[in-house]
Amino acid sequence: MGPLLEVSNVVAGYGRSRVLKEFSLKVEAGEAVAVLGANGAGKSTLMKCIAGLLHPWQGQIFFDGQDVTFVDVEDRLTLGVVLAPEGRGIFGSLSIEQNLLVGATSLRRRYESRVVRARIEEGLEKAFGLFEVLRSRRDDVASRLSGGQQQMLAIARALMAEPKLLLLDEPCLGLAPKVANDVYAALQTLREQGQSLIVVEESARRALAFADRACVIKLGRKLLEDRATAITGDEQLLEAYFGLSGQPTT
Amino acid sequence: MILAIQRLADALSVGSTYALLALGLTLVYGVMNLINFAYGMMLVWTALLAVLLIDHGIPIPLVVFGCVSFAILLSVATGWIAFRPFLTAAPVTLLITSFGVELVLQYAAILAFGNYPLVLQIPSYLNEVLHLGSLRIPKVELITIGTSVIVIGCLWYLLQRTSFGIEIRATAEKPEVARLMGIRPSRILVVVFAISGAIAGIAGLLWFAKVGALTARSDLDPTIKAFVAIVLGGLGNTRGAVVGGLALGGLEVLMSSLLPDAALGYTDAIVFVSVIGILLLRPGGLIGASTRL
């Protein structure tokens, strides 16, 4: 069987500016891959291309053996590619449960209507099992949650769509270190359940400790790709990566 | 005391009509940042159709059903044909488009119905006035208040409790993320224009039943009142629309009872100046502007 996701020589951008330059990446089923890079390196653009929000100018994207390069976001959700966007994107005026229900929208196209209700119940149970704090506050308005809780809600909401591949765009942005550790603990649990995922990060340490594989992206090109443990001790990465971000935060 | 109750009933009747009007406008604004200046023409077309049907002796319940269905179709059609291509365009593009739609609908109405006043004959039993002691309340006022309460209640239930409503609110708040969750923007557009059309149809019948007559150019007054109500209450949220509508109605009734006879012709101007005064004190409107349906 081929890889779950294959991004092949993708060029993409906005207007006239090319952000991704012949970028390639493979993710096997059950794998956790970290994409690291400084602000503006093209990480979010890559996520948008994989999720189907942005169509590449060149290159191809395959998912589950199927060419999805020009499949739009709604149909890619149905196939099982789900993005938890940068900045969490929580619906502050909806309750926590309603946020989760919105996350399950695509299930209605995936299953017959009599099955959907049961799948949603199952999804809610799984989400609340992973993040107990959300269960106790399920009827609260989401804007009242703390930043960390909102991130947990964003992940839980993405899980409601039953992803085969979960894309996480900077899940720890703006979170206190302790809260970020909690988020990664939950991701670890998901991984142990066999969830394939790509996590995009600016700060490398946690992501490298977590992922099977990592690649570093700089100015839209892949700088290097290796096993995460190998990169952790790699001088070249530290040079390239932290040299660009200017802040050795390890 | 009696006078105060009388005024209160008047204010509730006027205010609840404005609240309805404002809801239909603010829903579309909340979801697609469109200030729909063609909105008033939905009311006018509905009322013109009502004139036609009533003149042909169609019973009132059928007239209401036919007119509201027509308003829904008309609203969805304009949304689909005129506004859907500009879903992601700047709000100004949408605003200008809505002026275009308004003109098209207006001239179509002139072609079909002529450019002179038509009388909306409502059956005499609806024109009766109820006497409660020395209190005099026209039946139309009671029907207006009752209908508004029911419509507002239904809309609240739809937005807060149904999956449709949750999708609409999610789209209004964060359209890009809503799309990422698999909500199709074009489907939401159809649903929202349908609801807006239904409200416009009901509000149009109530409005012109009270006014009694209309021309193809009678759309400006309700559009402006609805717009002022949503700005006064707080742009982009349904609670603001209801509060703004009631407040505007209250202000109007208050002014017309306080002003000397000589100034009565200027009631609208004085009301709008007071609205400007309120907005200077509370720039976000009474509830506060935020896109929360």
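Anything mentioned here points back to the structure above.
First things first, this report covers the structure right here in the doc. Being a predicted model, the structure only gives us computed values, none of them experimental.

**Re a nonpolar patch on the surface**
Residues and elements named next belong to chain B. Together, Leu-8, Leu-12 and Leu-246 give the surface a local cluster of nonpolar side chains, amounting to about 250 Å² of exposed area. Relative to the helices and strands, Leu-12 resides in helix 1 (residues 2-32). The partly exposed category is assigned to Leu-12, whose relative accessible area is 39%.

**A few points about the sheet that holds strand 6 (residues 81-84) of chain A**
What links the strands of a sheet is backbone hydrogen bonding, and the strands pair in either a parallel or an antiparallel sense. Residues and elements named next belong to chain A. With mixed pairing, the 6 strands of this open sheet are ordered in space as 6-7-8-3-9-10. Each having just a single partner strand, strand 6 and strand 10 (221-227) make up the two edges of the open sheet. Each neighbouring strand pair of the sheet contributes to a mean axis angle of 15°, computed without reference to strand direction. As judged from the 4 bridges shared by strand 6 and strand 7 (residues 165-169), these two strands associate in the parallel manner. Its bridge partner being in strand 7, Val-81 is matched across the sheet by Leu-165.

**Some words on the interface of chain B and chain A**
Size of an interface, as often reported, equals the accessible area lost when the parts are brought together. Taken together, the contact between chain B and chain A spans 20 residues of the former and 24 residues of the latter. Roughly 2,000 Å² is buried in total at the junction of chain B and chain A, and carbon and sulfur atoms are behind 57% of that figure. Counting across the chain B and chain A interface gives 4 salt bridges. Along the contact surface separating chain B from chain A lie 7 residue pairs in polar contact (both at pLDDT 80 or more). Grouping the amino acids of the side of chain B that touches chain A by side-chain chemistry returns 8 nonpolar, 3 polar and 9 charged.

Scoring rules and cut-offs
Residues numbered from 1 in each chain as written. Chains lettered and ligands numbered in written order. Predicted model: local features only at pLDDT ≥ 70, side-chain atom pairs only at ≥ 80, totals over all residues. Heavy atoms only, no water. Patch = residues over 30% accessible without salt bridge, like charges linked within 9 Å, V, L, I, M, F, W, Y side chains within 5 Å. Areas by Shrake-Rupley, 256 points an atom, 1.4 Å probe, with all protein chains shown as cover. Salt bridge = Lys/Arg side-chain N within 4 Å of Asp/Glu carboxyl O. Helix = DSSP H or I, 4+ residues; strand = E, 2+ residues; numbered from the N terminus. Buried < 20%, exposed > 50% of the residue type's maximum accessible area, 1.4 Å probe, protein only. Pairing = 2+ DSSP bridges. Axes fitted to C-alpha atoms, helices over the stretch in contact; angles between N-to-C directions. Contact = heavy atoms within 4.5 Å. Buried area = accessible area lost by both parts, 1.4 Å probe. Polar contact = N/O pair within 3.5 Å; in protein donor to acceptor, adjacent residues only side chain to side chain. Nonpolar A, V, L, I, M, F, W, Y, C, P; charged D, E, K, R; others polar.

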